[in-house]
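Single-letter residue listing:
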Amino acid sequence: MTGEPANPDDEHPNNFMRGFADATGESDIANSVVHHDQPSTVDQQQIAERARELTHTIARELAAAAPAGWQRMDAVFVWTVAAQSWRIYFSGDSNAQRVDPSDKVTSLVREQREVAARMPEGPWWRMLLRLTNSGALETGYDYGDEPFPDEDLLAPDAYLADLQAYPRSRVPVWLAAYVGHRDRQKRSPRTAVEQARHHRDSGVHPRRSIDDFPPLPQLWGRWTTLAAMYAAIGSPTGPRILPSLAWFEGPTRSGSTLYLLAHDRAVISGGVWNATNLDAAYSQGAPMPELYAGAPEWITDSVLNPRAATGTLSFCYWWDNGHWYRGDSPTGPGVSAAVPGVWTAETALGVVNRVLASGGRDIDNRVEKAAAELISAAEAGAVTRSILTALLDADTFDIDAAVNQFVLAGLA
């Protein structure tokens, strides 16, 4: 958040990504696309001033009902024309206290949003206020550039109704998928069998992927090595390994999973949160990408990244008979944000060095050599504790946590 701004363009703090002035999508959303004439510069200034006055009034009304001893108020108003929610906390020397707004405050919030809807950015979906008992007010307006927290997410129909009331020229991919995915990416066993049969009968074949991912043994070994290093420094983030499963959630809301299956098979799938292929499908009326084109029937929901259930899966590859295959999935940059640094041994080595350095390890030639030996051993499925202790100092790193990742991966 920032302090109370001097002009409307400053009311979009960096940590609440400025949304879009407009928004749409395919089918249900596409019908909401219109273009409005913008108010004159003088009118915009008057509108911005009125919106600011209402924001200050809302803050004063909330402060008037504050509990004794409060020092700071944090409020989030989540709003559409069809549904609303809010979280208002007053904190002080004791624990934070949650309160509900008065009818007057909710009426003021509704009016403020209606006024803000006349500004170029359009109506916000979340308004965030922070007020101290000294009178310092900070505001932020969230237009959905990034996915809303689960606690601030309303039902899909609420956003559809809002888009009908306030048409936009496009919506962010995640929201377009949320309101319009209609389970089109889900693949039950029955659906998988039917799709596979239809593809065979109609001559649809997968594309053999040569350079997109390294062979499965190297991919699995490098992924596990990175997971072990993050575990060794005690990081709550980074890639991780579970039995027959590798998963990764990146800092930019992109991520993937890698499932190992019997008979030397595997599936890697995931999503880049602002993927161009999904944006084209949801916001520009393009066909949904056929991620499962030519896919075998053993690729079902149980081995797909959870994004398939929300319509935000942007790629799917499968390993079979010693090769990677794909349908209409993107390659290269189209998946890199959702996958850890496993592309080459050198890439993995660079990540290992950075992780160890963040954990306090000085990187020199000896450390780099030990890290390279660990990656090589992981690719060969022959990691030993002595290889790890040559790289990790037991006084600084959690060697047992690192070993456990290799044990779960079957590489120790």
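The shown structure was predicted, so the numbers you read here are calculated from the model rather than taken from an experiment.

Novice: Can you walk me through the side chain of Arg222 in this structure?
Specialist: Among the structural elements, Arg222 can be located in helix 6 (residues 216-232). Leaving out residues up to four positions away in the same chain, Arg222 has contacts with Pro214, Val342, Trp343, Thr344, Ala345, Ala348, Ile375 and Glu379.

Novice: In this structure, what is going on with the packing of helix 9 (residues 345-358) against helix 10 (residues 365-379)? I would like to understand it.
Specialist: For any two helices packed against each other, one specifies the inter-axial angle together with the distance between the axes. Here helix 9 crosses helix 10 at 125 degrees, and the two axes come no closer than 10 Å. In terms of orientation, helix 9 and helix 10 fall into the oblique class. Helix-helix and strand crossings are classified by hand; for helix 9 and helix 10 the assignment is right-handed. Along the contact surface, helix 9 presents Ala345, Ala348, Leu349, Val352, Asn353 and Leu356, while helix 10 presents Val367, Glu368, Ala371, Ala372, Ile375 and Glu379. By residue class, the composition of the contact of helix 9 with helix 10 is 9 nonpolar, 1 polar and 2 charged.

Novice: Hey, could you run me through the side chain of Asp279 in this one?
Specialist: Within the secondary structure, Asp279 sits in helix 7 (residues 276-283). Looking at Asp279, the relative accessible area reads 16%, which means it is buried. Once you skip the residues sitting within four places of it in the chain, Asp279 turns out to touch Arg170, Val173 and Gln284.

Novice: Sorry if this is basic, but what is going on with the sheet that holds strand 7 (residues 207-209) here?
Specialist: Whenever strands of a sheet pair, they do so through backbone hydrogen bonds, lying parallel or antiparallel. An order of 7-13-12-11-10-9-8 is seen for the 7 strands of this open sheet, with the pairing classed as antiparallel. Sheet topology places strand 7 and strand 8 (240-242) at the edges, where each strand pairs with a single neighbour. Between one strand axis and the next, the sheet turns through 20 degrees on average, direction left out of account. For strand 11 (residues 265-271) and strand 12 (residues 315-320), the ladder comprises 5 bridges, and the chain directions are antiparallel. When the bridges of strand 12 are listed, Ala266 appears paired with Trp319. Strand contacts of helix 6: strand 8, strand 9 (245-249), strand 10 (255-261), strand 11, strand 12 and strand 13 (323-326), with the helix running at about 115 degrees to strand 8, the strand carrying the most contacts.

Novice: Explain the packing of aromatic side chains here, please?
Specialist: Remark: the centre distance and the inter-plane angle together describe each pair of aromatic rings, the angle taken between the planes. By the definition in use, this model includes 12 aromatic pairs. With centroids separated by 4.8 Å and ring planes inclined at 80 degrees, the aromatic side chains of Phe213 and Tyr317 adopt a geometry described as edge-to-face. Pair noted here: Phe213 is in the loop between strand 7 and helix 6 and Tyr317 is in strand 12, with a separation of 104 residues, a long-range link. Its relative accessible area of 0% is what places Tyr317 among the buried residues. Put simply, the rings of Trp125, Phe148, Tyr159, Trp174 and Tyr178 pair up and form one aromatic cluster. Lying over the aromatic face of Trp124, Arg113 brings its terminal NZ or CZ to 5.8 Å of the ring centre. Sitting over the face of the ring of Trp125, Arg168 holds its NZ or CZ atom 4.0 Å from the ring centroid.

Novice: I keep staring at the nonpolar core and nothing clicks. Help me out?
Specialist: Nonpolar side chains in soluble globular proteins generally cluster together in the buried interior. Counting residues in hydrophobic clusters, the biggest one holds 71 residues, and the most contacted among them are Trp223, Met229, Leu258, Trp324 and Leu392. The biggest single contributor to this core is helix 6, with 9 residues. Membership of the second largest hydrophobic core comes to 28 residues, among which are Ala75, Phe90, Leu108 and Tyr143.

Novice: I'm lost on the environment of Gly92 in this one. Help?
Specialist: Assignment of secondary structure puts Gly92 in strand 3 (residues 84-92). Assessed through its relative accessible area of 25%, Gly92 is described here as partly exposed. Expressed as a C-alpha distance, the spacing of Gly92 and Gly69, which sit 23 residues apart in the sequence, is 6.1 Å. Those residues in contact with Gly92 that lie beyond four places of it in its chain are Gly69 and Gln71.

Quick notes on the rules
Residues numbered from 1 in each chain as written. Predicted model: local features only at pLDDT ≥ 70, side-chain atom pairs only at ≥ 80, totals over all residues. Heavy atoms only, no water. Helix = DSSP H or I, 4+ residues; strand = E, 2+ residues; numbered from the N terminus. Contact = heavy atoms within 4.5 Å. Axes fitted to C-alpha atoms, helices over the stretch in contact; angles between N-to-C directions. Parallel < 35°, antiparallel > 145°, perpendicular 65-115°, else oblique. Left-handed = near helix turned anticlockwise from the far one by under 90°. Nonpolar A, V, L, I, M, F, W, Y, C, P; charged D, E, K, R; others polar. Buried < 20%, exposed > 50% of the residue type's maximum accessible area, 1.4 Å probe, protein only. Pairing = 2+ DSSP bridges. Phe/Tyr/Trp six-rings, centres within 6.5 Å; stacked < 30°, edge-to-face > 60°. Lys NZ or Arg CZ within 6 Å of the ring centre and 35° of its normal. Core = buried A, V, L, I, M, F, W, Y, C linked by side-chain atoms within 4.5 Å.

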